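Below are the chains, spelled out letter by letter.
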Amino acid sequence: MLPQEKAAQVMSQLKPPYQTWLVEDLANYQTSALLEDMPADDRTALLGALDASSIDALIAPLPEPEQARARRLLAYPPRSIGRLADPDCLRLRPEWSVAKALQEVRRQAARLAMTNVVFVEDADGRFLGALRLKRLVLAEPASQVGSLLQGPPIFIRADADRERGVQMVRHYDLEALPIVDDEARLLGMATVDDLLDVAEQASTEDFQKLGGVGLLGLRLRDAGIGLLYRKRIGWLLLLIVVGAIGSSVIAQFEASLQAMLVLVTFLPLVVDSGGNAGAQAATLAVLPWRREMCGPATGAMCWGGRSGWLRLWA
């Protein structure tokens, strides 16, 4: 019922399960019209949750440039930073004067959502660096854009893990992270709001793993009883086995306990201390160690990739 532009904005804000339900209820031409107005990164996330036949049917009505863009982003691994790339960013050339660059910013800004950061690329599209708009506005009009760049360019490869992007944004205090291909050509940017969602999802998955329930992949209120049962039953059965082993150990000291019944009062203290020590070790050692193992160097990935700390710890 909403106008198409507003409907596309609402569609971008919905969680993947609700987007999928809408796609199933709407006609293909309606969904394709929404996809055309959605930001590229949100569109990629929506298409990535569908099967291949549905993707082809929805992409086909799009204009050729949009089809090529959508297929290029979908070609990257599901958890890679390339899936978050938004190609609609301000792009400038290093040989332009500041006056000409500001004219180009005004021209491009009408169709872009974020204009706080501009990216500089050469004639072949290779990324050279990024500038905050404030620095560009305060520069001398006759200066060249390339002369305003400072330090080596900060970027991330499109096939890198998206959690690596979160670390780089945090480390370098970025509003937008440039994403490049294997030849250093600028593909787009990952904005801080998208990376905050990645950080929240990663933290949730870490706590689910530490809690012994595995990955739910959706919010708790959306999980059915059957799913929660399957996720928890294995861990609970393991606890029963461990508890039985502990009971057999205690049975070895039956004579001592009968001789001094006061020792029984210390059993809850020993059990609770063991549980608290395990929780403290997981909180203070495992998660910070995982963060420290991932250095800030650009384009690198965490040791072992996604959840590599679990394999190393094991």
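Keep in mind the model is a prediction, meaning the values are calculated, not measured. (Residues numbered from 1 in each chain as written. Predicted model: local features only at pLDDT ≥ 70, side-chain atom pairs only at ≥ 80, totals over all residues. Heavy atoms only, no water.)

Observations concerning the packing of helix α5 (residues 52-59) against helix α6 (residues 64-74)
Put simply, the rule is: To obtain each axis, a line is fitted to C-alpha atoms, and for helices this fit is confined to the stretch in contact; angles are then taken between N-to-C directions over 0 to 180 degrees. Put simply, DSSP H or I for four residues or longer makes a helix, DSSP E for two residues or longer makes a strand, and each gets a number counted from the N terminus. The labels follow the angle: roughly parallel below 35 degrees, roughly antiparallel above 145, roughly perpendicular from 65 to 115, and oblique for the rest. Helix crossings are classified by the rotation of the near helix relative to the far one: an anticlockwise turn of less than a right angle makes the crossing left-handed, while a clockwise turn makes it right-handed. The contact definition used throughout considers only heavy atoms, calling two residues in contact when any of these lie within 4.5 Å.
Closest axis-to-axis distance for the α5/α6 pair is 10 Å, and the angle between their directions is 155°. One finds that α5 runs roughly antiparallel with respect to α6. When the axes of α5 and α6 are compared, the crossing they make is right-handed. In this structure, α5 uses I55, D56 and I59 to contact α6, whose residues at the interface are Q67, A70, R71 and L74.

Quick word on the nonpolar core
The line we're drawing: Note on terminology: a nonpolar core comprises buried Ala, Val, Leu, Ile, Met, Phe, Trp, Tyr and Cys residues joined through side-chain atoms within 4.5 Å. Accessibility here uses a 1.4 Å probe with only protein chains present; expressed as a share of the type maximum, an area under 20% marks a residue as buried, one over 50% as exposed, and anything in between as partly exposed.
Of all hydrophobic cores here, the largest spans 20 residues; its most connected members are I81, L84, I156, L177, I179, A190 and L195. Listed by contribution, the elements that provide at least two residues to this core are α9 (162-172), β5 (176-180), β6 (186-191) and α10 (192-210). In terms of nonpolar packing, the next biggest core, distinct from the first, is built from 16 residues, A7, L50, L58 and L74 among them.

Re a nonpolar patch on the surface
The cut-off we apply is this: Two joining distances apply to patches: 9 Å for like charges and 5 Å for nonpolar side chains (Val, Leu, Ile, Met, Phe, Trp, Tyr), and every residue must have over 30% relative accessible area and no salt bridge. Every accessible area reported is derived by Shrake-Rupley at a probe size of 1.4 Å, with residue values counting cover from the shown protein chains alone. Criterion for a salt bridge: a side-chain nitrogen of Lys or Arg within 4 Å of a carboxyl oxygen of Asp or Glu.
Where nonpolar side chains cluster on the molecular surface, the patch consists of W235, L236, L238, L239, V241, V242, I245, V249 and F253 and spans about 820 Å² of accessible area. In this fold, W235 is placed in helix α11 (residues 225-251).

Side note on the side chain of Q67
Where we set the bar: Polar contact is the term for a pair of N or O atoms within 3.5 Å; when the atoms are in protein, one must be able to donate a hydrogen and the other to accept it, and sequence-neighboring residues count only if both atoms are side-chain atoms.
By the secondary structure assignment, Q67 is in helix α6. A polar atom in the side chain of Q67 sits 2.9 Å from the backbone oxygen of A60. Discounting residues that sit within four places of it in the chain, Q67 has contacts with I59, A60 and L62.

Focus on the sheet that holds strand β4 (residues 156-157)
We count it as follows: Two strands make a pair as long as DSSP finds a minimum of two bridges between them.
Spatially, β4-β5-β6 is the arrangement adopted by the three strands of the open sheet, whose pairing is mixed. For this open sheet the edge positions go to β4 and β6, each flanked by a neighbour on one side alone. Direction of pairing for β4 relative to β5: parallel, over a ladder of two bridges. Bridging across to β5, R157 finds its partner in V180.

Quick word on the sheet that holds strand β1 (residues 90-92)
Read across the sheet, three strands follow the order β1-β2-β3 without closing on themselves; strand pairing throughout is mixed. Bordering the open sheet on either side are β1 and β3 (127-132), each of which pairs with just one other strand. Within this sheet the neighbouring strands show an average axis-to-axis angle of 30°, counted without direction.

Structural notes on the pattern of salt bridges
Following the criterion strictly, the structure yields 11 salt bridges and no others. With a shortest N-O distance of 2.8 Å, E66 and R43 are connected by a salt bridge. Of the two residues, E66 sits in helix α6 while R43 sits in helix α4 (residues 40-48), which places them 23 residues apart along the sequence. It is possible to trace a salt-bridge network through shared partners that takes in R43, E66, R69 and D88.

Examining helix α3 (residues 28-37)
Stated precisely, the cut-off is as follows: The arc in question is the one spanned by the directions pointing from the helix axis to the C-beta atoms.
For α3, every residue scored as buried is listed here: T31, S32, L34 and L35. All buried residues of α3 lie within an arc of 160° about the axis, which places them on one face of the element. Where the residues of α3 are buried, they touch α1 (4-13), α2 (16-25), α4 and α5.

Let's talk about α6
Listing the buried residues of α6 in full gives E66, Q67, R69, A70, L73 and L74. On an axial view of α6, the arc spanned by its buried residues comes to 165°, and they lie on one face. Along α6, the residues that are exposed and aim more than 90 degrees away from the buried face are E64 and P65. Elements in contact with the buried residues of α6: α4 and α5.

Considerations on the side chain of T20
Looking at where T20 falls in the secondary structure, it is placed in helix α2. In contact with T20, not counting residues within four places along its chain, are A49 and L50.

Overview of unusual backbone geometry
The bulk of non-glycine residues show a negative phi, and the bulk of peptide bonds are trans. Of note in the backbone geometry, D173 takes a positive phi value of approximately 55° without being a glycine. Mapped onto the elements, D173 comes out in the loop between α9 and β5. Judged by its relative accessible area of 58%, D173 falls in the exposed class.

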